[in-house]
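Structural characterization, general
So the chains spell out like this:
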Amino acid sequence: MMASASTRGNVLRSIQRLGARMSVLCEREGLQVLITEIEPGAALAELSSWDWSWHLVIAGQAVFQQADENWELLNGQSLYVGDLPYTVVNPSPERTRILSILFKRQVPQ
């Protein structure tokens, strides 16, 4: 297995949505690491096909909404989210930054 290093600020691609930007930092089979920035008062609906994800709020505050559940996270708090669609809302007056790791189960060939 080969190792690879990434320098700070090295983004594979960036996805801009109304009030939010997602920057993909690393992508491998079944794994994606990204930084999401959400503007004050904005929301990001996540409708991806990932099996599960882990999110760490690195700046600001975020409310994760999934089905009938809501979780409010502050700076330094993290959350595991299963495969149902979810929405992330920034209720604060400052930009929120979230480090996320998205996982997809590998299907045997």
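Use the structure listed above.
1. Digging into the sheet that holds strand β7 (residues 69-74)
- With antiparallel pairing, 4 strands are arranged side by side in an open sheet as β4-β9-β6-β7. Whereas interior strands pair on both sides, the edge strands pair on one side only; in this sheet they are β4 (43-46) and β7. Put simply, the sheet's adjacent strands are angled 20° from each other on average, direction ignored.
- Sheet analysis places β4 next to strand β9 (residues 86-89), joined by 4 bridges and oriented antiparallel. Its bridge partner lying in β9, Leu-44 is registered against Val-88.

2. Regarding the nonpolar core
- Counting residues in hydrophobic clusters, the biggest one holds 17 residues, and the most contacted among them are Ile-38, Ala-62, Phe-64, Tyr-86, Val-88 and Ile-98.
- For this core, the secondary structure elements donating two or more residues are β2 (20-28), β3 (31-38), β6 (61-66), β8 (78-81), β9 and β10 (96-103).
- The contact partners of Ala-62, leaving out residues within four places of it in the chain, are Val-57, Trp-71, Glu-72, Leu-73, Val-88, Val-89, Pro-91, Thr-96 and Ile-98.

3. Quick look at the packing of aromatic side chains
- Applying the stated criterion across every chain, the model contains 3 aromatic pairs.
- Seen in terms of ring centroids, Trp-52 and Tyr-80 are 5.3 Å apart; in terms of plane orientation they differ by 50°. Their pairing is tilted. With Trp-52 in strand β5 (residues 52-59) and Tyr-80 in strand β8, the pair connects residues that are 28 residues apart, well separated along the chain.
- Accessibility expressed as a relative area gives 30% for Trp-52, which makes it partly exposed.
- When the centroid spacing of 6.3 Å and the interplanar angle of 35° are considered together, the rings of Phe-64 and Tyr-86 count as tilted. A residue pair is termed long-range when its members are at least 10 positions apart, and Phe-64 in strand β6 and Tyr-86 in strand β9 qualify at 22 residues. Each member of the pair, Phe-64 as well as Tyr-86, is classed as buried.
- Through a chain of ring-to-ring contacts, the aromatic side chains of Trp-52, Tyr-80 and Phe-103 assemble into a single cluster.

4. Remarks on the pairing of β10
- The alternating pattern of β10 places Thr-96, Ile-98, Ser-100 and Leu-102 on a buried face and Arg-97, Leu-99, Ile-101 and Phe-103 on a face that is not buried.
- Sheet topology note: the β3/β10 ladder contains 8 bridges and is antiparallel. When the bridges of β10 are listed, Gln-32 appears paired with Leu-102.

5. Things to note about the sheet that holds β5
- Spatially, 6 strands are ordered β1-β2-β3-β10-β5-β8 in an open sheet, and the strand pairing comes out antiparallel. Looking along the sheet, the strands with just one partner apiece sit at the ends: β1 (13-17) and β8. Pairs of neighbouring strands in the sheet enclose a mean axial angle of 20°, with direction left out of account.
- By the bridge criterion, 4 bridges tie β5 to β8 in an arrangement that is antiparallel. Following the sheet pairing, Trp-54 is matched in β8 by Tyr-80.

6. Some points on the pattern of salt bridges
- The final tally for this structure, using the stated rule, is 3 salt bridges.
- In this structure, Glu-37 engages Arg-21 in a salt bridge whose closest nitrogen and oxygen atoms are separated by 2.6 Å. Residue Glu-37 is found in strand β3, and its partner Arg-21 is found in strand β2; the two are separated by 16 residues along the sequence.
- A salt bridge links Arg-95 to Glu-37; its shortest N-O distance comes to 3.3 Å. Placement of the pair is Arg-95 in the loop between β9 and β10 and Glu-37 in strand β3, with a sequence separation of 58 residues.
- Among the residues examined, Arg-95 registers a relative accessible area of 43% and is labelled partly exposed.
- Because the salt bridges share partners, they merge into one network encompassing Arg-21, Glu-37, Glu-39 and Arg-95.

About the cut-offs
Residues numbered from 1 in each chain as written. Predicted model: local features only at pLDDT ≥ 70, side-chain atom pairs only at ≥ 80, totals over all residues. Heavy atoms only, no water. Pairing = 2+ DSSP bridges. Helix = DSSP H or I, 4+ residues; strand = E, 2+ residues; numbered from the N terminus. Axes fitted to C-alpha atoms, helices over the stretch in contact; angles between N-to-C directions. Core = buried A, V, L, I, M, F, W, Y, C linked by side-chain atoms within 4.5 Å. Buried < 20%, exposed > 50% of the residue type's maximum accessible area, 1.4 Å probe, protein only. Contact = heavy atoms within 4.5 Å. Phe/Tyr/Trp six-rings, centres within 6.5 Å; stacked < 30°, edge-to-face > 60°. Salt bridge = Lys/Arg side-chain N within 4 Å of Asp/Glu carboxyl O.

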